[in-house]
Amino acid sequence: MAVDKELALALYRIMTEIRQLELKLQEVYRSGVMPGFIHLYVGEEAVAAGVCAHLRRSDYVTSTHRGHGHAFAKGIPAREIFAEIWGKATGCCGGRGGSMHIYAPEYGFLGTNGIVAAGIPIGAGAALAASLEGGDRVAVSFFGDGAVNNCAFHEGINLAAAWNLPAVFVCENNMYATEMAFARATRNTDVSTRGPAYGIPGVQVDGNDVLAVYEVAGQAIARARSGGGPTLVECKTYRTVGHHEGDPGTAYRTREEVEAWKKRCPLRTLRDRMIASGLASEQEFQRIDEEAGALVRAAEEFARNSPEPSPETVLEHVFA
Amino acid sequence: MTTPAIESRSQEPPAEREISYVDAGIEALREEMRRDPKVFYMGQGIGPRGGNFRQARGLWSEFGDHRLRDTPISEMGTTGLGVGAAMAGFRPIVDIVFLDMVMEAMGQIVEQAATVHYSSNGKIRVPLVIRAAMGAVRSAGPHHSRCFYPWFANVPGLKVATPATAADVKGLLKTAIRDDNPVIFLEHKALYNTKGPVPAGEYTIPFGQARVCREGADVTIAAVSLMVWKALQAAELLAPHVSAEVIDLRTVAPLDRETLLASVRKTGRLVLVEEGPATCSFVSEISALVSEEAFDYLDAPIHRVCALPVPHPFHPALEAEMLPSPAKIAAAVRQLLG
């Protein structure tokens, strides 16, 4: 595949923005000022970047507990995400949601989620709404390998397939559900092969190759948009950090394995490839990194200086 | 089944017809689906078959496959799709058929539908109706008989409607469909074929408005759904020596505290009836409320008449022994009065 430089740099920019956002969140979280729990997306950035590059603001996304990258790639400004995860009143949910309950309907973002697999039928439901509406919106559900042995995976995909809904199901197979190795969780570790079981295409892609993800996701989203129904996309990837911030992530996997995947970092892979082929220079990447750093620092500063929600608002919004 | 007559409500239009509880629900659905194209209805067997309880009869031929969606037996999937479609601006009604099967879908209701509006800081509404039929009829056993409504009332963000009459089915279901929040709408299987007066014109009934079905001076008996009828039968058994006031609370959440408390302040005695076990029940909540708000008015301890704490037994005699009855309610009242 011929590499489009502008596209590659645009995808790199999203990935490095996500990476730096996550590392800044990690830094602030470790300083002890951030409430709750965070699950970082470090190592998996190519999936959110490659998939969401095809989405319009009016399209829908549902996400997971590891969802900061999806939220950002779908268009929510970094500072609103940062402030929400910090529990600030200026966050996209006013500090009521936090990391695992980030919602931004104005960007088509129907939630990160504390319940593994719950976003799958919800995404299919957004696709049902799109279908009833009659336009060409699509809905993408992101989820991990930990979701695929849950009934919500089966029921959500089955209904979307039965009703030919404009849905795309993106499995980020990072090989571990918390500490449970996928090879121990199921006998067939190729999630994509489950697609044909529901009568829909199942496609496997290197989830650390953003251009490959971009291509496969583009086909799946175009199929959904044009009335061709759902696709199950499996992105083989890896989180090079622990399950949640505070988990060293080494009790259930070897340091060698983690190090091997760090060498396959999706940012580094793309960068090396572009530079080696002479399509872009080290300086271009450095500039993008610096711009991303500035964006993230501004987001962090905005969040740090933002007010907390007022305790007397606690009863607001239980009901519409 | 025959049901005692209830007093007509003076604020409603005079033109009334006698229609069945199940047909009242169909009328509500038809009117709301005609009024609002965002309303659609999903459930197992509600298409050409018209629903297991005939609760969707005639709708499919008018609204077609897209808005009258027959689903596979997939309660969690169907409910989850309902949540997603509601978040995306539609107004789905998901029919669980037998309430017992809602257990398969509880995560989507409790952890998704009920929390999204709050967690999103009011940005996303979930105008979803979960419709189901509850209650014990004809030895259906432990998987087709239960009345789970207190479980939902325990969840912030959910509303729970439990109509006892045909008129209330129509008025409350229309309100449920128009509500911007998730509503659990529970009909009683034993009431589907009962008939009652239903206003001919357009009307809705607000949530959180109880109805005094029978006025009385000596004791208040409060209930919802089928147990309202059992309470009215008990009041007949007690008359003329005991004057019992019977209150249909109509919606479990929100609860009409004022009507209930006003009645207790008047009669000084309260008997609560529930077709479920007493432990952590809806009537336990009411009992706590009354002891907090009207303790000084009570002339006797609050008494709960509930189902015995056993899974629904199969044999009719065992099932009857388990459930509240007019005789059991009347006995409880007599005991209170000494």
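Residues numbered from 1 in each chain as written. Chains lettered and ligands numbered in written order. Predicted model: local features only at pLDDT ≥ 70, side-chain atom pairs only at ≥ 80, totals over all residues.

This paragraph deals with the nonpolar core. In terms of nonpolar packing, the biggest core is built from 209 residues, with Ala126 and Val233 of chain A together with Ile221 and Ala231 of chain B touching the most fellow members. The residue makeup of this core includes at least three contributed by each of domain 1 (17-199) and domain 2 (211-337) of chain B. Setting aside residues up to four positions removed in sequence, Ile221 of chain B forms contacts with Ala231, Ala234, Ala235, Ala244, Val246, Val271, Val273 and Ile329 of chain B. (Core = buried A, V, L, I, M, F, W, Y, C linked by C-beta atoms within 7 Å. Buried ≥ 20, exposed ≤ 12 C-beta atoms within 10 Å, placed from the backbone. Domains from an automatic or database assignment. Contact = placed C-beta atoms within 7 Å.)

For the rest of this paragraph, the subject is the sheet that holds strand E3 (residues 167-173) of chain A. Residue and element names in this part refer to chain A. Strand order in the open sheet made by the five strands is E1-E2-E3-E7-E6, with parallel pairing throughout. Every interior strand has two partners, whereas the edge strands, strand E1 (60-62) and strand E6 (202-206), have only one. For this sheet, the mean inter-axis angle between neighbouring strands, taken without regard to orientation, is 20°. Two elements, E3 and strand E7 (residues 231-236), share six bridges in a ladder whose sense is parallel. In the strand pairing of E7, Val168 is matched with Thr231. Docked against the sheet, helix H5 (residues 119-133) engages E1, strand E2 (139-144) and E3, running at close to 175° with respect to E2. (Pairing = 2+ DSSP bridges. Helix = DSSP H or I, 4+ residues; strand = E, 2+ residues; numbered from the N terminus. Axes fitted to C-alpha atoms, helices over the stretch in contact; angles between N-to-C directions.)

All names here are of chain B. Of all six residues that make up strand E7 (residues 183-188), six are buried, and the element is covered over most of its length. Burial along E7 is two-sided: Val183, Phe185 and Glu187 facing one way and Ile184, Leu186 and His188 facing the other are all buried. Pairing of strand E5 (residues 129-134) with E7, which is carried by six bridges, proceeds in the parallel orientation. Looking at the pairing, Val129 lines up with Val183 of E7. In the sheet, strand E6 (residues 159-161) pairs with E7 via three bridges, with the strands oriented parallel. Paired with Ala161 across the strands is Phe185, a residue of E7. A crossover connection joins E6 to the parallel E7 through helix H7 (residues 166-178); in handedness this β-α-β unit is right-handed. (Right-handed = clockwise from strand over helix to strand, strands pointing away.)

As a further point, take the sheet that holds strand E10 (residues 219-223) of chain B. Residues and elements named next belong to chain B. The sheet built from five strands is open, its strands ordered E9-E11-E10-E13-E14 with mixed pairing. For this open sheet the edge positions go to strand E9 (211-214) and strand E14 (303-307), each flanked by a neighbour on one side alone. The sheet shows a mean angle of 25° between the axes of neighbouring strands, direction not considered. The pairing of E10 with strand E13 (residues 270-277) spans three bridges and is parallel. Paired with Ile221 across the bridge in E13 is Val271.

Let's shift gears to the domain arrangement of chain B. Residues and elements named next belong to chain B. In terms of domain boundaries, chain B breaks down into domain 1 (17-199) and domain 2 (211-337). Of note, the centres of domain 1 and domain 2, computed from C-alpha atoms alone, are 26 Å apart. With 23 residues of domain 1 at the contact, the number on the domain 2 side is 23 residues. Those elements giving two or more residues to the side of domain 1 that touches domain 2 turn out to be helix H6 (149-153), E6 and H7. Broken down by class, the residue content of the side of domain 1 that touches domain 2 amounts to 14 nonpolar, six polar and three charged. (Nonpolar A, V, L, I, M, F, W, Y, C, P; charged D, E, K, R; others polar.)

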